[in-house]
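Listed below, chain by chain, are the residues.
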Amino acid sequence: MDGAMGLRTLLCVYLVSLLTLQAMPALGSAPRRAKGSEKRQTVDTAVNGVFIQSLKVNCKVTSRFAHYVITSQVVNTADSAREAAFEVEIPKTAFISDFAMSNKNTYIGDIKDKVTAWKQYRKAAISGDNAGLVRASGRNMEQFTIHITIGPRSKATFQLTYEEVLKRKLTQYDITIKVKPKQLVHHFEIDVDIFEPQGISKLDAQASFLTKELAAQTIKKSFSGKKGHVLFRPTVGQQQSCPTCSTSLLNGDFKVTYDVNRDKLCDLLVANNYFAHFFAPQNLTNMRKNLVFVIDISGSMEGQKVKQTKEALLKILGDIQPEDYFDLVLFGTHVQSWRGSLVQASEANLQAARDFVGRFSLHGATNLNGGLLQGIEILNKAKESLPELSNHASILIMLTDGEPTEGVTDRALIQKNIRNAIQGRFPLYNLGFGHDLDFNFLEVMSMENNGWAQRIYEDHDAAQQLQGFYKQVANPLLVDVDLQYPQDAVSALTQHRHKQYYDGSEIMVAGRIADHKLGSFKADVKAQGEGREFKTTCLVDEEEMKKLLQERGHMLENHVERLWAYLTIRELLAKRMKTEGEEKASLSAQVLKMSLDYQFVTPLTSMTIRGMADEDGLEPTIDKSPDEMVGPRRIACLPQPAPSADAQSNGVHAWLPVDTDPHFIIHVPQKEDTLCFNINEEPGVILSLVQDPDTGFSVNGQLIGSKARSPGQHEGTYFGRLGITDPATGFQLEVTPQNITLSPGSDGPVFSWKDQAVLRQDGTVVAINRKRNLVVSVDDKATFEVVLHRVWRGSAVHQAFLGFYVLDSRWMSPRTHGLLGQFLHPFDFEVSDLRPGSDPTKTDATLVVKNHQLTVTRGLQKDYSKDPRRGAEVSCWFVHNNGAGLIDGIHTDYIVPDIF
């Protein structure tokens, strides 16, 4: 029996029984019910003999620098050992800085450079059962988990510390703690303490899971002068989902929002030879804008994406001010613009633009380079030929859901083209719709051009996400903002030049002040506003600094310095994304040194936990997950050589999995449809899945049978062994449900599915995600995923097996073949004559494909790439008889003698 409890920033300590035992009552009596909860009955808060004594989040904010400590104590009242897993979700922007765990002994985290830390583990990169890898979770969070075995009638305490700098958006700072205990907690508490030298102007706290009445009873909030405080401490009775329930209603976001007074133009904070400068002037006139929206209308935007994009564009057009100028650019295979030049946002023009948005349709591939260059040309020409527009704030916004497949497709060349065309004149904001794109490419391109990139998640609120982004840049107040400091007094400055400053945001600069130079320290700010130049000089109020130090003491000194370190590390990591070779190595060295100096877990450091060991004698490690482990799913469009627009619209947008018994699924977005077929062969047979004769690259899979079946029942077969080989580099990988072996013919290293590792051999990268999947990226030419299917309780399959997914294959040769490989090439099909099938619950139809006319049946298969346990249903037309007529030849043509 499993039980769990949790908290976010998610706190989630979940408890797993090591033996099948009946849950025992908690030690001592149940907590006394608070006033107002008399109707709620006493409940046993233990799960299988284990209960959560306390779960507390303490957050201290000093001048936007937030320091979080999460502490949980778990008690095992059973007479045998139990396993507890401390699971926490923290913001993606945060850095873990400390971890401690105590049972009978205390274990402390120790941060080292990743290379040194990983050398301590077998096979150079491993995390055992106790490991605490940090993974992406949801839109804005990362999940941290660590396991420990608690002895009989014992307790364990976990404590995690992490830090972040709060960013002002839409006139406020947000602190989000996602609460999801899944279990009643004896002492549950969120305590947020805020200290802002400017004074707090507003403060609020809300919980999405509480009624207004219960929120009023349980959330205490107050602020006065520089200090604000929020306390959430529900009793066990107030946590119950109903008066007689033993389940918790705590499930959702706990959010604290606040802002500070803006009475003064200057907000300079100095402590211990470090300074932080917060710049957010108020009461400025909004600048007029030159806006160009560059929108992807390729075939992959079909369905909800284009519907939500149009909905958002219509709302945004309604928000454009009459004094603004704008245009729209659409790109698919070809590029088209609405007007081809900027026009004023008169009501007539806005209505014409709405009509244009309402009627444009999708077609073709993704000429991203051409679309962006057209948008840039419109803005550049307006500035050159229309003097009245030259002082406007120009903004370029692009939305795409895919990768460049038409025109210029080389990413490095596209980035160079865009840099050369913009030349620093205005910012570029890239919006990436969904996961089927290279978000790093969009992010780097935005950063190179003074903007930022934002992922738009495919969900019911995608239109609201798009509008939310636009609100952040809708009201520029200043352009060409330059914050200058005396060169002889200041060093190690963070970014101090910004292309634009928007209403509701804040520019933050930090740096070091040289010894004995505080007297000459100042900040000169220059920028261009609406119709006038903006200038101001800020000086340090030393008397005020002394008072602040008396009020906040060491915490103020510590937080200002760590704020500078945090900003510097994040900026260096961003620069590192854009560089290669020696420059990248230099930036990596700087990040590593600062991460170690300030004890931050960053992409270049790991935290080991001294004194603990798993069953292999290995210390657990805490890591930020490398990009390869959580990279986006890529869906490649494979164009024919020099195709016509009509021919190209019939191409396959390849997403090719084979999974379970074994079901081959061919997804064709241009057709808004999917084909599927099974291969029925005996256990032990090896099938060719992907074979590229030009390079020798291949993927073969060996079938295994189900261990349990009824007499006379068809024996299900599954892939139990995969072999991936690339003769050009000598790369070989063998994968089974038990082990992953690199170079099996040469006694290469063997990994288990309990490992978390990234392996590199020449240009091939293998990322093993513990007990879940592995991703193979071959020299940036192809990407494949292997999904592990473990035996779950109640599963119809009685042994583990593998699924195989082609994620990206753009650069494989046109002669690539195999049961999956043949579908990497464009092909066309038509489905007609829908009619009732022999099974009245299913529909039959006629499929015309590859000069064959076949009877197919509508059915459901499953995609397990994101959820190996439950999967997601995929509706498809099922081709009978081992895919006869759909696959080239017959299925026995694909039987091969060896796995390599």
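Residues numbered from 1 in each chain as written. Predicted model: local features only at pLDDT ≥ 70, side-chain atom pairs only at ≥ 80, totals over all residues. Heavy atoms only, no water.

## Focus: the nonpolar core
If you look at the biggest cluster of nonpolar residues, it comprises 59 residues, and the most contacted ones within it are Phe99 and Phe254. A total of 6 residues in this core trace back to one element, the largest contributor, which is strand E3 (residues 50-62). Once residues lying within four places of it in the same chain are set aside, the contact partners of Phe99 are Phe86, Tyr107, Ile108, Gly109, Phe144, Ile146, Phe158, Gln159, Leu160, Met607, Ile609 and Ile622. (Core = buried A, V, L, I, M, F, W, Y, C linked by side-chain atoms within 4.5 Å. Buried < 20%, exposed > 50% of the residue type's maximum accessible area, 1.4 Å probe, protein only. Helix = DSSP H or I, 4+ residues; strand = E, 2+ residues; numbered from the N terminus. Contact = heavy atoms within 4.5 Å.)

## Thoughts on the sheet that holds strand E28 (residues 497-502)
In spatial order, the strands read E28-E26-E30-E31; together these 4 strands make up an open sheet with antiparallel pairing. Both edges of this open sheet fall to E28 and strand E31 (532-539), since each of them pairs with a single strand only. When strand polarity is set aside, the average angle formed by the axes of neighbouring strands in this sheet is 25°. Note that strand E26 (residues 476-484) and E28 share 5 bridges and pair antiparallel. Within E28, the position partnered with Pro476 by the bridge is Tyr502. (Pairing = 2+ DSSP bridges. Axes fitted to C-alpha atoms, helices over the stretch in contact; angles between N-to-C directions.)

## As for the state of the cysteines
For the structure shown, the criterion picks out 3 disulfides. Paired through a disulfide, Cys242 and Cys245 show a sulfur-sulfur distance of 1.8 Å. Taking the sign of the torsion about the S-S bond as the criterion, the disulfide between Cys242 and Cys245, at about 95°, is right-handed. A sulfur-sulfur distance of 2.1 Å marks the disulfide that ties Cys676 to Cys876. Taking the sign of the S-S torsion, about 70° here, the bridge from Cys676 to Cys876 comes out right-handed. Of this pair, Cys676 sits in strand E38 (residues 673-678) while Cys876 sits in strand E53 (residues 872-879), placing them 200 residues apart in sequence. (Disulfide = S-S within 2.5 Å.)

## Notes on the packing of aromatic side chains
On inspection of all chains with the given rule, the structure shows 28 aromatic pairs. Arranged with centres 6.4 Å apart and planes meeting at 50°, the rings of Phe356 and Phe360 form a pair that is tilted. In this pair, the class of Phe356 matches that of Phe360, namely buried. Judged by centre distance (6.2 Å) and plane angle (50°), the ring pair of Phe677 and Phe823 falls under tilted. With a gap of 146 residues between them, Phe677 in strand E38 and Phe823 in the loop between strand E49 (801-808) and strand E50 (829-836) connect regions that are remote in the sequence. (Phe/Tyr/Trp six-rings, centres within 6.5 Å; stacked < 30°, edge-to-face > 60°.)

## Considerations on unusual backbone geometry
In the Ramachandran plot, Asn283 falls in the positive-phi region, its phi being about 60° despite a non-glycine side chain. The residue Asp833 is not glycine, and still its phi comes out positive at about 55°.

## Digging into the pairing of strand E14 (residues 219-224)
Pairing of E14 with strand E15 (residues 227-232) involves 6 bridges; the strand directions are antiparallel. Considered in E15, the bridge of Ser222 is made with His229. Here E14 hands over to E15 after 2 residues, with Gly225 in that stretch at a positive phi of 60°.

## Considerations on the sheet that holds strand E29 (residues 507-513)
Within a sheet, adjacent strands bond to each other through the backbone by hydrogen bonds, running parallel or antiparallel. An order of E17-E18-E29-E27 is seen for the 4 strands of this open sheet, with the pairing classed as antiparallel. Looking along the sheet, the strands with just one partner apiece sit at the ends: strand E17 (268-271) and strand E27 (490-491).

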